[in-house]
Every structure is written in structure tokens, then in C-alpha cells.
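# Structural features, examined
Residue strings, one per chain:
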Amino acid sequence: MAWRDRVNGWARRIPTWAVYLVYALPAPWFFYLGLTGGLGVEPIEALEHEYGEIALQLLIIGLCITPLRRHAGLNFMKFRRAFGLLAFFYVVLHLSVWAILDVQALSAVWADIVKRPYITVGMAGFLLLLPLALTSNALSVRRLGPRWRKLHRLVYPAVLLGAIHFVMLRKGLQIEPLIYLLVVVALLALRLEVRSIPGFARSRG
Amino acid sequence: GGLFSTRARAQAEGLEPNDWEEITQYNNYYEFGTGKDDPARLAGQLTTSPWAIEIDGMVERPGTYDFEDILSEMTIEERIYRFRCVEAWSMVVPWNGFELADLLDMAGVQDGARYVAFETLLRPEEMPGVSRPVLEWPYVEGLRLDEARHPLTIMATGIYGRDIPNQNGAPIRLVVPWKYGFKSIKSIVRITLTDSEPPTSWNKANPREYGFYSNVNPNVDHPRWSQATEREIGGGLFSPRKPTLMFNGYEDEVAALYEGMDLSVNF
């Protein structure tokens, strides 16, 4: 279809660095807002949440790329690494604001990780992302070969843990984190469905 | 009386009230949404006049008490109190109000009464948040009668000498300064005297996390976060945490209410 070709044409012309640039901007922008009162009277929590939510959104965008190609014929594969690395960058910012500006003491950070389930869950998600970020370079892809693809399936549990972390930290059952969780579960279910169809199991990641 | 009310006491304790914007732009009032800025954005449409409070249950003179009639009987005074949210942030608020005990005396408490139950207005057409089942509506709270009659416990009708804004619980709300903020129920339409412990909203929603008493206690953590420290609103991006005080700094006045009770069980 024409519109599909047109979108794919645009995607080909947009350089990857543009994605890095556009998505890197919210980091200093929100920090600036936090410093100058633009995030309200409690900027620490607000900044922590902004970074965390952007990270989750970027992870979800990353999860959309394969199904978009498979089911809609839209090819954004060349941006996938950028979204993954940007997501990791925002997770690190989220974690830093939490540890340095919010909790403010290393002992308390550790106590929270072991004692508070939602933080344990979030931290587990971060640890799963760590090897993915470290192997997001051409050299690692070449060296690891087929194992690279297997390793990077860790993103599935990582995103799921991130979404569960969001649901758990709110007071009461709130709708917004549940919507994120639903979207994540749906995107993961798409993978399961494809794997269970004979013939698809081997060839697709 | 004025025993607890003076600015001098607040000054002696180093209590610096938060400014108007901080107090009125950062609120938990889930009837208007769960975001901190939702109440300030959405509570403007709330009709707060006329207003009446139904006082019933074990009282001598049950009935509907008009807000203006109540005010005409009460002496409004200023109380500068610490306000500690269960979410581990805090403010200092210069409330205007009167002692709840005076209102209870107006209705006349019967002998067997031991608890006071409170209810917030439920008006879905003016409260967009109640379409979501975050909590069971209407919001309800409760105090033991001796807590309710304690001279620190007030019904607030103003802040900084102005009418209390809708997002802060207009036109009349409870303030119990030694308990987590959610006990200080807003926009009260009903007060019921009973002989048994009344249900309370957050306790119904999650009894493991929110007890009936909900006294500020740095030694009893919320299951999901520490209550040992708090962040003062208004300190900006590099605001340091400070230690939370037992009974939010009102230990001398209220500890006797809980003598012999295990506060980690009755949290």
C-alpha cells in the first residue's frame, strides 16, 4: 500500500542520531524545570516519575518495532537500538534521582532494595537491562552471533518488571499504571502467539 | 483554648509555615483525581455554600447543623501545625478553626459513645475522581472519642486567615496533627457518634498498609516505604530529608492517649 511505502520511506530518511537527539532533550529539560519550580512544589518525586515514565514509554516503543514490521509492514528496525539505549539512559537517570536526591543515603538505598518489593522488582528490571546495554554495539552483535538474539530476549521480563513496579508503587489501584501494564502484556503476548505457530518458531525473534 | 494556638509556640519550635502556593497546589483529594495537582485544577466547581453537617448517632441533639450556624457559635483561632502525609512528605500549615470538642458539645455526646465517625461529601457531578474505584466512596474516617475531644484536634475552616480552598477540604475539615494526613478528612457532611470502631476508607482499601490509628510513627514503617524520615515541601530539588518525630512532634500532648497499647500492632 502507498501509505506504508511512504512511511517506510520517511523512516529510511530520518537519521538515527535525530532519534537520540529528540529523546535526549527531555532529560535536561525536566531537570531544568525541577530546578526552577516548573515541576511543582515537590520536584524530586516529580522528576523521578518523569524519568521513570519516559523509560517505560521508550521500552514499550522498542517492543512495538518487531510487531509493526510483522503485522503492519512498517520497518523501523534501524531505530530499535536507539530506543533501547535511550530507555536504559532514562532508567539510569530515574535510579540516580531516586538514590541521590530522594533516598539520600547509601544504607537506606540498600535497605529499600531488599525490604520493599516494588523497589526489588524495579531493581531486578534494571539488572536485566544492564547486559543488554553493554552488548548494544556492533562488535558484541558480531561476537555473540545467535546468542546475542537470545540474550536480548531479556528485555521481555525487564519491561514486564518495569510495568509491575509502576503498578506497585502507587497508593491504591490506579488506572494509568494498569494501562501501561496492559499494553506491555499485550505486546509480549504477540510474541508468544507467533512462537506457538508452527514454522514461525525458529525463524523469528 | 489558646494553649496550643500561639504563634509563639510555633516560633519556639522553629515551625516555618509553608507558603500559600505550596499548601494549595500540592494536595491529596482523590475525589478530584489521584494527581497532586488534580484537586487544585478540578475542585473549583465544588459547591460549598450552602453547607450543612448531619450530626447523628449517640448524641443528645441529633440533626442537620447549618455551617453558618456552627460558625456563629464557635471562636476561630489560628493553629500552626506540622502536617505529615503517610507518603513521607510534610508541610507546616497555619490553620484557622475551632476545637472539635466544642462542636461535639454543641450536639451533646451521649454517655455510651466511644467513637466518632466522619463522612466526606459525595457529589459525582462535581467530583470527577469518584468515577474511578480507587477507594470506596464516600470517603469515611474515624477517631476514638478521646482523640476527637483532644484539644489539639480541630475543625479547620481557613488557612492564612482566608476561607479554606476547595482543594484543601472546603468549607470544613478535620485536622488531627499527630496522625497521617489522610485521617484529617475533608469537606465533612456527616459526623456520627458510635459505640464501636467505625470503618475508615484507607483501612478498608488496604488493612495491611493503613491502620485505624495511623499515628505518625517513625518506628513503624509503611510496608512499601520507610517512615523514619520525611521531605519538607518547598525545599526544592536538593531538599534534604529530616527525621520524622514520634506523634509528629506532639508526643508530650498525646502519648498518654495510647498508654499500654502496642503501637506496632495498633498502627
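Rules used in this analysis
Residues numbered from 1 in each chain as written. Chains lettered and ligands numbered in written order. Predicted model: local features only at pLDDT ≥ 70, side-chain atom pairs only at ≥ 80, totals over all residues. Heavy atoms only, no water. UniProt positions renumbered as here; feature names shortened; annotations may be inferred. Helix = DSSP H or I, 4+ residues; strand = E, 2+ residues; numbered from the N terminus. Rg over C-alpha atoms; globule rule 2.2 N^0.38 Å. Buried < 20%, exposed > 50% of the residue type's maximum accessible area, 1.4 Å probe, protein only. Contact = heavy atoms within 4.5 Å. Lys, Arg positive; Asp, Glu negative; His and termini not counted. Charge placed at Lys NZ, Arg CZ, Asp CG, Glu CD. Polar contact = N/O pair within 3.5 Å; in protein donor to acceptor, adjacent residues only side chain to side chain. Salt bridge = Lys/Arg side-chain N within 4 Å of Asp/Glu carboxyl O. Pairing = 2+ DSSP bridges. Axes fitted to C-alpha atoms, helices over the stretch in contact; angles between N-to-C directions. Phe/Tyr/Trp six-rings, centres within 6.5 Å; stacked < 30°, edge-to-face > 60°.

An unreviewed UniProt entry annotates chain B as Protein-methionine-sulfoxide reductase catalytic subunit MsrP of Roseivivax halotolerans. UniProt, in the comment section headed Sequence similarities (unreviewed entry), describes chain B in these words: "Belongs to the MsrP family."

Looking up chain A in an unreviewed UniProt entry gives the name Protein-methionine-sulfoxide reductase heme-binding subunit MsrQ, with the organism given as Roseivivax halotolerans. What the UniProt record of chain A gives under Subunit (unreviewed entry) is the line "Heterodimer of a catalytic subunit (MsrP) and a heme-binding subunit (MsrQ)." For chain A, the Sequence similarities (unreviewed entry) comment in UniProt is given as "Belongs to the MsrQ family."

## What about the overall build of chain B?
Each helix and strand in chain B was counted, giving 8 helices and 12 strands. A compact globule built from 267 residues would reach a C-alpha radius of gyration of about 18 Å, and chain B, at 17 Å, matches this within 12%. C-alpha extents for chain B along the principal axes are approximately 50 × 45 × 40 Å. Taking all 267 residues of chain B together, the buried fraction comes to 58%. Restricting the contact set of chain B to residue pairs at least 6 apart, pairs at least 24 apart contribute 72%. Once the 25 positive and 41 negative side-chain charges of chain B are each reduced to a mean point, those two points are 5 Å apart.

## What to know about the UniProt feature "domain: Ferric oxidoreductase" (unreviewed entry) in chain A
Those residues carrying the UniProt feature "domain: Ferric oxidoreductase" (unreviewed entry) are residues 54–162 of chain A in this numbering. The distance from the first to the last C-alpha atom of residues 54–162 of chain A is 12 Å, and the span holds 84% helix and 0% strand.

## Some points on the side chain of A:Q174
By the secondary structure assignment, A:Q174 is in the loop between α10 (155–169) and α11 (175–196). A polar atom in the side chain of A:Q174 sits 2.7 Å from the side chain of A:R170. Within the structure, the side chain of A:Q174 is placed 3.2 Å from the side chain of B:T34, a separation counted as a polar contact. Among all residues touching A:Q174, those that are not within four sequence positions of it are B:Y30, B:T34 and B:V134.

## Regarding the environment of A:E50
Residues and elements named next belong to chain A. Mapped onto the elements, E50 comes out in helix α4 (residues 43–72). Classification of E50 by relative accessible area gives partly exposed; the value is 27%. Sequence separation between E50 and V109 is 59 residues, and the spatial gap between their C-alpha atoms is 20 Å.

## Description of the pattern of salt bridges
Taken as a whole and judged by the stated rule, the model has 23 salt bridges over all chains. A salt bridge links B:R84 to B:E230; the shortest N-O distance between them is 3.0 Å. Placement of the pair is B:R84 in strand β3 (residues 77–84) and B:E230 in strand β11 (residues 229–232), with a sequence separation of 146 residues. Put simply, B:R149 and B:D105 hold a salt bridge, and the shortest N to O gap is 2.6 Å. Pair noted here: B:R149 is in the loop between α6 (145–148) and β7 (154–159) and B:D105 is in helix α5 (residues 100–107), with a separation of 44 residues, a long-range link. A residue is classified by how much of its surface remains accessible, and B:R149, at 32% relative accessible area, is partly exposed. B:D105 gets classed as partly exposed once you look at its relative accessible area, which sits at 41%. One salt-bridge network, in which partners are shared between bridges, spans A:E42, A:D102, B:R231 and B:R241.

## Re the sheet that holds strand β10 (residues 188–194) of chain B
Residue and element names in this part refer to chain B. Pairing within the open sheet is mixed, and its 5 strands lie in the order β2-β1-β10-β5-β6. Edge positions in the sheet fall to β2 (63–66) and β6 (140–144), since each of these pairs with one other strand and no more. Adjacent strand axes in the sheet meet at a mean angle of 20° when their direction is disregarded. The pairing of strand β5 (residues 115–120) with β6 spans 5 bridges and is classified as antiparallel. Its bridge partner being in β6, E119 is matched across the sheet by V140. Along the sheet, α5 contacts β1 (52–57), β2, β5, β6 and β10; its crossing angle with β10, the most-contacted strand, is approximately 70°.

## Looking at the packing of aromatic side chains
Residue and element names in this part refer to chain B. Inspection of the entire model under this criterion finds 19 aromatic pairs over all chains. Relative to F32, the ring of Y29 lies with its centre 4.8 Å away and its plane at 90°, an arrangement referred to as edge-to-face. Ring plane angle 90° and centroid distance 6.0 Å describe the contact between Y213 and Y258, whose orientation is recorded as edge-to-face. Taken together, the residues Y213 in the loop between α7 (201–205) and β11 and Y258 in the segment after α8 (251–254) connect sequence positions 45 residues apart. Comparing Y213 with Y258 shows no difference in burial state: the two are buried.

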